[in-house]
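Fold and contact review
This is what each chain is made of:
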Amino acid sequence: MAVAVVASDSPEGREALVRAVEEATLRGKELVVLAVVDSNTVSEEDREATTLATRQILESRGLGDATLSVRVEPDAGDPAGAIVDLVADVGASLLVIGSRRRSAVGKFLMGSTVQRVLLDSPVPVLVVKSPDGVGTR
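Residues numbered from 1 in each chain as written. Predicted model: local features only at pLDDT ≥ 70, side-chain atom pairs only at ≥ 80, totals over all residues. Heavy atoms only, no water.

As named in an unreviewed UniProt entry, the protein chain is UspA domain-containing protein, taken from Rhodococcoides kyotonense. For the protein chain, the Sequence similarities (unreviewed entry) comment in UniProt is given as "Belongs to the universal stress protein A family." (UniProt positions renumbered as here; feature names shortened; annotations may be inferred.)

Shown next, in the form of structure tokens:
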């Protein structure tokens, strides 16, 4: 079993990555970084870019020696569904995901990927916000 984290280039996504490293270390589990891209296919460049960005975030937080694997898959128009499928596919025992605050109207009009993941995930989900409130509205 592994600890999975959703890759996101946002303050809350970076914080989720750091927390996922802590959880994986605490539990003695492998860390798997999950990324879904808005396309029908995934290129090797997509995988390399995600891995590089993940490593840079970890190094900036003093966690550059963390062991991890990266999975990048197309979202097929359904990012929440793709994330839930990846969680099951990698055999994760915990999913860590970053979230930002949104208004009730914003949630109603646009839906919420995080909300759908929370409802559909086959494993417990740890939702992380950025500690300084950056990215919230």
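And the narrative resumes.
1. Here we look at the nonpolar core
Val3, Val5, Leu17, Ala20, Leu31, Leu58 and Val96 are the most contacted members of the largest nonpolar core, which has 16 residues in total. Looking at this core, the elements with two or more residues in it are strand S1 (2-6), helix H1 (11-27), strand S2 (30-37), helix H2 (44-60) and strand S4 (92-98). Sorting elements by how many residues they give to this core places H1 first, with 5 residues. Residues within four places of Ala20 in sequence aside, it is in contact with Val3, Val5, Leu31 and Val96. Listed in part, the 15 residues of the second largest apolar core include Ala4, Val6, Val32 and Leu34. (Core = buried A, V, L, I, M, F, W, Y, C linked by side-chain atoms within 4.5 Å. Buried < 20%, exposed > 50% of the residue type's maximum accessible area, 1.4 Å probe, protein only. Helix = DSSP H or I, 4+ residues; strand = E, 2+ residues; numbered from the N terminus. Contact = heavy atoms within 4.5 Å.)

2. Some words on the pattern of salt bridges
A complete count under the given rule lists 9 salt bridges for this structure. Close ionic contact of Arg61 with Glu15 constitutes a salt bridge, the shortest N to O distance being 3.1 Å. Of this pair, Arg61 sits in the loop between H2 and strand S3 (68-74) while Glu15 sits in helix H1, and the two are 46 residues apart along the sequence. Judged by relative accessible area, which is 17%, Glu15 ranks as buried. For the salt bridge of Arg116 with Asp78, the shortest nitrogen-to-oxygen distance reads 2.7 Å. Here Arg116 is found in helix H5 (residues 113-120), whereas its partner Asp78 is found in the loop between S3 and helix H3 (79-90), with 38 residues between them in sequence. Look at Asp78 and you get partly exposed, because its relative accessible area is 26%. It is possible to trace a salt-bridge network through shared partners that takes in Arg19, Glu22, Glu23 and Arg27. (Salt bridge = Lys/Arg side-chain N within 4 Å of Asp/Glu carboxyl O.)

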